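In case you want the letters, here they are:
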Amino acid sequence: KLKSNPIARKVKLADLKHNSDVTRKDTFTEKDKLRNEKYSKAIEFLRKKGQKIASKRQDRDAKEGCVLSGVTADGKTAAIVVVNCETDFVAKNADFIAFTKSILDKALEVLPANADELKQLEINGRKIADQLTDQMGKIGEKIDLGYYEKVTSANSFAYTHMGNRLATIVGF
């Protein structure tokens, strides 16, 4: 129960959408300002809660996951991304797959040299490393960027097998 924090207890998905709508406005009514402050505090509370869960899960094994590969529009660079989790139930979740796809898309856009550089890139204004922590808090499992590699050549190809458990990239 979240009775210890009255702000977090009242946060609903519609309220978070309202918060994002409010923050895009240039002028606020006093009521909108007050709501925005409350929701910002609630979002911060939920992020801290996710960080606590993440710190408790660091020693766990994340052996399942989602493996995706793709090619840039010009066909010269292919990349593969593996986001690990603890159970196959999470690995098959549509939201988890979409999260992995967003990381792959960013990797194909920027083409970082390694996984550490990839974790420092931002998607929707937040670093991928922070979003991994947020996912741990949301899902309750250890989530980690397990692997990233890219290949650049005259012709590059990517294949992801059904189920998102196997993928390969080739360049020649």
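Here the structure is a predicted model, which means the values were calculated and not measured.

(A) Representation of the environment of Lys138 within the structure. Mapped onto the secondary structure, Lys138 falls in helix α7 (residues 128–139). When its relative accessible area of 58% is taken as the criterion, Lys138 is described as exposed. Remark: the alpha-carbon pair of Lys138 and Lys49, spanning 89 residues in sequence, is separated by 9.3 Å.

(B) Seen up close, the pairing of strand β6 (residues 156–160). Relative to strand β7 (residues 167–171), β6 runs antiparallel, the two sharing five bridges. The partner of Phe157 across the bridge, within β7, is Val170. The loop that links β6 with its antiparallel partner β7 comprises six residues; one of these, Gly163, has a positive phi angle of about 95°.

(C) Representation of the pairing of strand β2 (residues 77–85). For β2, the tally of buried residues reaches nine of nine residues, placing the bulk of the element in the interior. Taking every second residue as pointing to the same face, both faces of β2 are buried, with Thr77, Ala79, Val81, Val83 and Cys85 on one and Ala78, Ile80, Val82 and Asn84 on the other. Across eight bridges, the pairing between strand β1 (residues 64–71) and β2 is antiparallel. Looking across to β2, one finds that Leu68 is bridged to Val81.

(D) Highlighting the nonpolar core. Core analysis: the biggest nonpolar cluster contains 23 residues, and Val81, Val83, Ile103, Leu118 and Ile143 have the highest contact counts within it. Of all the secondary structure elements, the ones that give two or more residues to this core are β1, β2, α4 (88–91), α5 (94–110), α7 and β5 (144–152). Ranked by residues supplied to this core, first place goes to α5 with six residues. Those residues in contact with Val81 that sit more than four places away from it in its chain are Cys66, Val67, Leu68, Thr100, Ile103, Leu104, Ala107, Leu118, Leu145, Tyr147 and Tyr148.

(E) Fine view of the pattern of salt bridges. The tally for this structure, following the rule as stated, stands at six salt bridges. Between Lys101 and Asp105 there is a salt bridge; the shortest N-O distance is 3.0 Å. Residue Lys101 and its partner Asp105 are located together in helix α5, separated by four residues, close to a single helical turn. The class of Lys101 is partly exposed, set by a relative accessible area of 40%. Classification of Asp105 by relative accessible area gives partly exposed; the value is 36%.

(F) Quick look at a nonpolar patch on the surface. Together, Phe157, Val170 and Phe172 give the surface a local cluster of nonpolar side chains, amounting to about 330 Å² of exposed area. Looking at the element boundaries, Val170 is found in strand β7.

(G) How the structure looks around the sheet that holds β1. Read from one edge of the open sheet, three strands run β1-β2-β5, paired in antiparallel fashion. At either margin of the open sheet sits one strand with a lone partner, and together these are β1 and β5. Neighbour-to-neighbour, the strand axes of the sheet open up by a mean angle of 10°, direction not taken into account. Where β2 meets β5, eight bridges bridge the pair, whose relative direction is antiparallel. Considered in β5, the bridge of Ala79 is made with Lys150.

About the cut-offs
Residues numbered from 1 in each chain as written. Predicted model: local features only at pLDDT ≥ 70, side-chain atom pairs only at ≥ 80, totals over all residues. Heavy atoms only, no water. Helix = DSSP H or I, 4+ residues; strand = E, 2+ residues; numbered from the N terminus. Buried < 20%, exposed > 50% of the residue type's maximum accessible area, 1.4 Å probe, protein only. Pairing = 2+ DSSP bridges. Core = buried A, V, L, I, M, F, W, Y, C linked by side-chain atoms within 4.5 Å. Contact = heavy atoms within 4.5 Å. Salt bridge = Lys/Arg side-chain N within 4 Å of Asp/Glu carboxyl O. Patch = residues over 30% accessible without salt bridge, like charges linked within 9 Å, V, L, I, M, F, W, Y side chains within 5 Å. Areas by Shrake-Rupley, 256 points an atom, 1.4 Å probe, with all protein chains shown as cover. Axes fitted to C-alpha atoms, helices over the stretch in contact; angles between N-to-C directions.

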